Amino acid sequence: NAGVTQTPKFQVLKTGQSMTLQCAQDMNHNSMYWYRQDPGMGLRLIYYSASEGTTDKGEVPNGYNVSRLNKREFSLRLESAAPSQTSVYFCASRGGVGSPLHFGNGTRLTVT
Amino acid sequence: QKEVEQNSGPLSVPEGAIASLNCTYSDRGSQSFFWYRQYSGKSPELIMSIYSNGDKEDGRFTAQLNKASQYVSLLIRDSQPSDSATYLCAVRTSYDKVIFGPGTSLSVIP
């Protein structure tokens, strides 16, 4: 039972490069989320998708785009990476009303 | 004002003591509340969910919710060194967002 799978686990980018972080869940969950975590700042919501075909901005959406490709997959794209986007990125999903989040293992991204 | 606030840490308690963690939130329409524990370098893991006013107990953990005061707390009884971690309060808001507080770092001293 894989749960939430994130790829890659680690990535180093140069300023201005682009990349896509992939996330897939096999729990048939409707809602999916992308967070970033910086030291001492908890998790900050970047974007979320309450259902297939919908996406909404979270607390820190600038510099990111997302795609809810289907019910299973929710990708996060950095079009032009900046050093301020150095962080650990977590994808999460949840089922029905009141359900908790299930997290992937995270992607550690460094932008030089 | 941040949507979810937690008591600033770090919090240190001796082994066997009660650790008290607090959280306040700003969206009165919020319906679901969660406490997660996160060890360094790991993903958050769920400790408790609470949806109704009052207390909810699970082993050594008790979550308390007061919607009128927009306040959620987590008590850890008989604290153990293995409880040393960062504790994250999360709130599902009326728009289906799930927002986290900044976290409280807990150290349990043997």
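Heads up: the structure comes first, above all this text.
Residues numbered from 1 in each chain as written. Chains lettered and ligands numbered in written order. Predicted model: local features only at pLDDT ≥ 70, side-chain atom pairs only at ≥ 80, totals over all residues. Heavy atoms only, no water.

1. Observations concerning the interface of chain B and chain A
Part 1: Tallying the contact residues gives 21 residues for chain B and 24 residues for chain A.
Part 2: Of the roughly 1600 Å² buried where chain B meets chain A, counting both sides, 54% is carbon and sulfur surface.
Part 3: When the buried area of chain B at its contact with chain A is split by residue, D96, V98 and F100 of chain B rank highest and sum to 27% of it.
Part 4: If you look at where chain B meets chain A, you find one salt bridge.
Part 5: Residues R94 of chain A and D96 of chain B are paired through a salt bridge, measuring 2.3 Å at the closest nitrogen-oxygen approach.
Part 6: For the interface between chain B and chain A, the tally reads nine residue pairs in polar contact (both at pLDDT 80 or more).
Part 7: Among the secondary structure elements, those contributing two or more residues to the side of chain B that touches chain A are β4 (32-38), β5 (45-50), β9 (85-92) and β10 (98-100) of chain B.
Part 8: When residues of the side of chain B that touches chain A are assigned to their parent elements, the largest contribution, four residues, is made by β4 of chain B. (Contact = heavy atoms within 4.5 Å. Buried area = accessible area lost by both parts, 1.4 Å probe. Salt bridge = Lys/Arg side-chain N within 4 Å of Asp/Glu carboxyl O. Polar contact = N/O pair within 3.5 Å; in protein donor to acceptor, adjacent residues only side chain to side chain. Helix = DSSP H or I, 4+ residues; strand = E, 2+ residues; numbered from the N terminus.)

2. Section: the environment of P39 of chain A
Part 1: Position of P39 of chain A relative to the elements: it lies in the loop between β4 (31-37) and β5 (43-49).
Part 2: Distance in space between the C-alpha atoms of P39 of chain A and S87 of chain A is 8.6 Å, their sequence separation being 48 residues.

3. So, the sheet that holds strand β7 (residues 65-68) of chain A
Residues and elements named next belong to chain A.
Part 1: In space, the four strands of this open sheet follow the order β1-β3-β8-β7, with antiparallel pairing throughout. In this open sheet, the two edge strands, each paired with only one partner strand, are β1 (4-7) and β7. With strand direction ignored, the average angle separating the axes of adjacent strands in the sheet is 15°.
Part 2: The pairing of strand β3 (residues 19-25) with strand β8 (residues 74-78) spans three bridges and is antiparallel. Looking at the pairing, T20 lines up with R77 of β8. (Pairing = 2+ DSSP bridges. Axes fitted to C-alpha atoms, helices over the stretch in contact; angles between N-to-C directions.)

4. Quick look at the environment of G104 of chain A
Part 1: Within the element layout of this structure, G104 of chain A appears in the loop between β10 (102-103) and β11 (107-111).
Part 2: Note on G104 of chain A: relative accessible area 0%, which makes it buried.
Part 3: A sequence separation of 81 residues divides G104 of chain A from C23 of chain A, and the C-alpha atoms of the two residues are 8.0 Å apart.
Part 4: Residues within four places of G104 of chain A in sequence aside, it is in contact with V4, Q6, F90 and C91 of chain A together with S43 of chain B. (Buried < 20%, exposed > 50% of the residue type's maximum accessible area, 1.4 Å probe, protein only.)

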